[in-house]
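One letter stands for each residue in the lines below.
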Amino acid sequence: MPSVDERYRSALDALTRDARLRSLHPRQGIDFVSNDYLALAESPRLRQAVIAAIDAGTPIGAGGSRLLRGNCAEHEQLEAQAAAFFKAESALYFGAGYSANFAALSTLPQRGDLLVMDELSHASMREGAKASRAEIVESHHNNSDAVEDAIRAYRANGGKGRPWIAVESIYSMDGDIAPLDELMQIADRHDGFLYIDEAHATGVFGPDGRGLSAPFEGRANVVAVHTCGKALGASGALVLTTKLLRDFLVNRSRPFIFATAPSPLMAVAVGEALNILREEPERRERLHDLIALAGRIIGAQGWTPSGTQIIPYLVGHNDRTMALASALQRRGFDIRGIRPPTVPAGTARLRISLTLNASADDLQSMLAALAEEAHTLPA
């Protein structure tokens, strides 16, 4: 039997041979990779809000779970503010988007329910679904008919529970948008829930940056997760839902019950980010100008824009993808290659992210460099 060390080394060697070994790299070059879409992570307003909170005595750490001594006034203030901002009955703050998705999807769908998940759903959603007691069915990507077919088959086979439809509003690796209107109608027809991960839409789309779920705000059969570590420039995530489902999460969700509460300082930062969304719409407008500019240039180059701030450049082969990313990094652009299993086999890509950390001139220079490097890359 191989030693423990050999087992780990063998697994890493296999990843290396397949050009899939991950490693950590420092920030370097112009930002075309982060999710800091509105450039709030280094915002003076967020910084000053946190400094003021420290000066006022806000603790750095919560010191325990929310159900023990970790429940701070800052958490409750943020949740009340978020519920009002997103026009929901209530909100619950988690320390990370991964935790929020895992907690909600492992807790809310019940035994006998059906959970229909888009095949490209985020890993946090997939892991939460696996931990749930519901029956799980994957549907073809952004295919509303497939979702309805799955629900009809479930009913035909005697399913008596509630169907849950779980999607991302904007998909993190493709940048495309879910057909939320159609999915909402399906949920209504079948007495079901629509679960929307707004990670990449929060702050970028919708009135005041309230996301693509804004038309369905306040509905009892909608659960929306708004990540705070992307366009909001902080960390954590807010689950927007009814008071009933919030209370159920507080009482039954193990990732909530047994986790140390998020930093109260981060709750303050998120609250200030929500204020910025409402008070500084020009940030969102500038980002949409970049999205439009990228669309025009990409269209002229002969590949298809996504229409959002996430633009995939499909390469296919793992080695070629990483070589192209390295070439662009050498030219001063921070762009990373994305390989399986994060994306399906054969679809390795550059994931280009548009943020206000890069100017229109930066964008044009990067796309020109991409065209040049892709043309010279060996087959």
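Our subject in this report is the structure included herewith. (Residues numbered from 1 in each chain as written. Predicted model: local features only at pLDDT ≥ 70, side-chain atom pairs only at ≥ 80, totals over all residues. Heavy atoms only, no water.)

Nonpolar side chains tend to gather and get buried jointly when the protein is soluble and globular. Counting residues in each nonpolar core, the largest one holds 58 residues, and the members touching the most others are Phe 32, Leu 238, Ile 352, Leu 354, Leu 363 and Leu 370. The contacts of Ile 352, once residues within four sequence positions are left out, are Phe 32, Trp 303, Gln 309, Ile 310, Ile 311, Tyr 313, Ile 335, Met 366 and Leu 370. Within the second largest apolar cluster, 24 residues are counted, among which are Ala 100, Phe 193, Leu 245 and Leu 249. (Core = buried A, V, L, I, M, F, W, Y, C linked by side-chain atoms within 4.5 Å. Buried < 20%, exposed > 50% of the residue type's maximum accessible area, 1.4 Å probe, protein only. Contact = heavy atoms within 4.5 Å.)

On to helix H10 (residues 264–279). Given a rise of 1.5 Å per residue, 16 residues ought to cover 22 Å, and the 23 Å separating the end C-alpha atoms of H10 matches this to within 8%. Within H10, the full set of buried residues consists of Pro 264, Leu 265, Ala 267, Ala 269, Val 270, Gly 271, Glu 272, Ala 273, Leu 274, Ile 276 and Leu 277. If you follow the buried residues of H10, they end up packed against helix H2 (44–55), helix H3 (73–85), strand E2 (90–94), strand E8 (237–241) and helix H11 (281–301). By the N-cap criterion, in which a side-chain oxygen at the helix start approaches the backbone nitrogen of a residue two or three places on, H10 is capped by Ser 263, the distance to Leu 265 being 3.1 Å. (Helix = DSSP H or I, 4+ residues; strand = E, 2+ residues; numbered from the N terminus. Expected span 1.5 Å × (residues − 1). Polar contact = N/O pair within 3.5 Å; in protein donor to acceptor, adjacent residues only side chain to side chain.)

Contact geometry of helix H4 (residues 97–107) with helix H8 (residues 243–252) gives a least axis separation of 10 Å together with a crossing angle of 100°. When the axis of H4 is compared with that of H8, the two are roughly perpendicular. On H8, the residues touching Ala 103, Ala 104 and Thr 107 of H4 are Phe 248, Leu 249 and Arg 252. When grouped by side-chain class, the residues that make up the contact of H4 with H8 number 4 nonpolar, 1 polar and 1 charged. (Axes fitted to C-alpha atoms, helices over the stretch in contact; angles between N-to-C directions. Parallel < 35°, antiparallel > 145°, perpendicular 65-115°, else oblique. Nonpolar A, V, L, I, M, F, W, Y, C, P; charged D, E, K, R; others polar.)

Let's shift gears to the packing of H10 against H11. Across the interface, H10 lies against H11 with an axial gap of 5 Å and an inter-helix angle of 70°. Considered as vectors, H10 and H11 are oriented roughly perpendicular to each other. Note on element contacts: H11 touches H10 through Pro 281, Glu 282, Arg 283 and Arg 284, opposite Ile 276, Leu 277, Arg 278 and Glu 279. Looking at the contact of H10 with H11 residue by residue, the class counts come to 3 nonpolar, no polar and 5 charged.

Strand order in the open sheet formed by 3 strands is E9-E12-E11, and the pairing between neighbours is antiparallel. Looking along the sheet, the strands with just one partner apiece sit at the ends: strand E9 (310–316) and strand E11 (337–338). Sheet analysis places E9 next to strand E12 (residues 348–353), joined by 6 bridges and oriented antiparallel. Bridged to Gly 316 within E12 is Ala 348. Sheet strands in contact with helix H12 (residues 318–330) are E9, E11 and E12, and its direction is about 30° off that of E12. (Pairing = 2+ DSSP bridges.)

You can see Asp 36 is positioned in the loop between strand E1 (30–31) and H2. It is Arg 27 that comes nearest to the buried, bridge-free Asp 36 among opposite-charge side chains, at 6.6 Å. At 3.0 Å, the side chain of Asp 36 and the backbone nitrogen of Leu 40 are in polar contact. With sequence-adjacent residues up to four places away left out, Asp 36 is seen in contact with Ala 41, Lys 230, Gly 233, Thr 355, Leu 356 and Asn 357. (Lys, Arg positive; Asp, Glu negative; His and termini not counted. Salt bridge = Lys/Arg side-chain N within 4 Å of Asp/Glu carboxyl O.)

We now examine the sheet that holds strand E3 (residues 114–118). Judged by pairing direction, the sheet is mixed, and its 7 strands sit side by side in the order E2-E8-E7-E6-E5-E3-E4 without closing on themselves. Looking at the sheet topology across the chains shown, the edges are occupied by E2 and strand E4 (135–139). Averaged over neighbouring strand pairs, the angle between their axes works out to 20° when direction is ignored. Taken together, the 5 bridges between strand E5 (residues 163–168) and strand E6 (residues 193–197) define a ladder with parallel strand orientation. From the neighbouring strand, Val 167 faces E6, where its bridge partner is Ile 196. Along the sheet face, H3 touches E2 and E8 and points at about 130° away from the line of E2. With respect to the sheet, helix H7 (residues 180–189) is in contact with E5, E6 and strand E7 (222–227), its orientation differing from that of E6 by roughly 150°.

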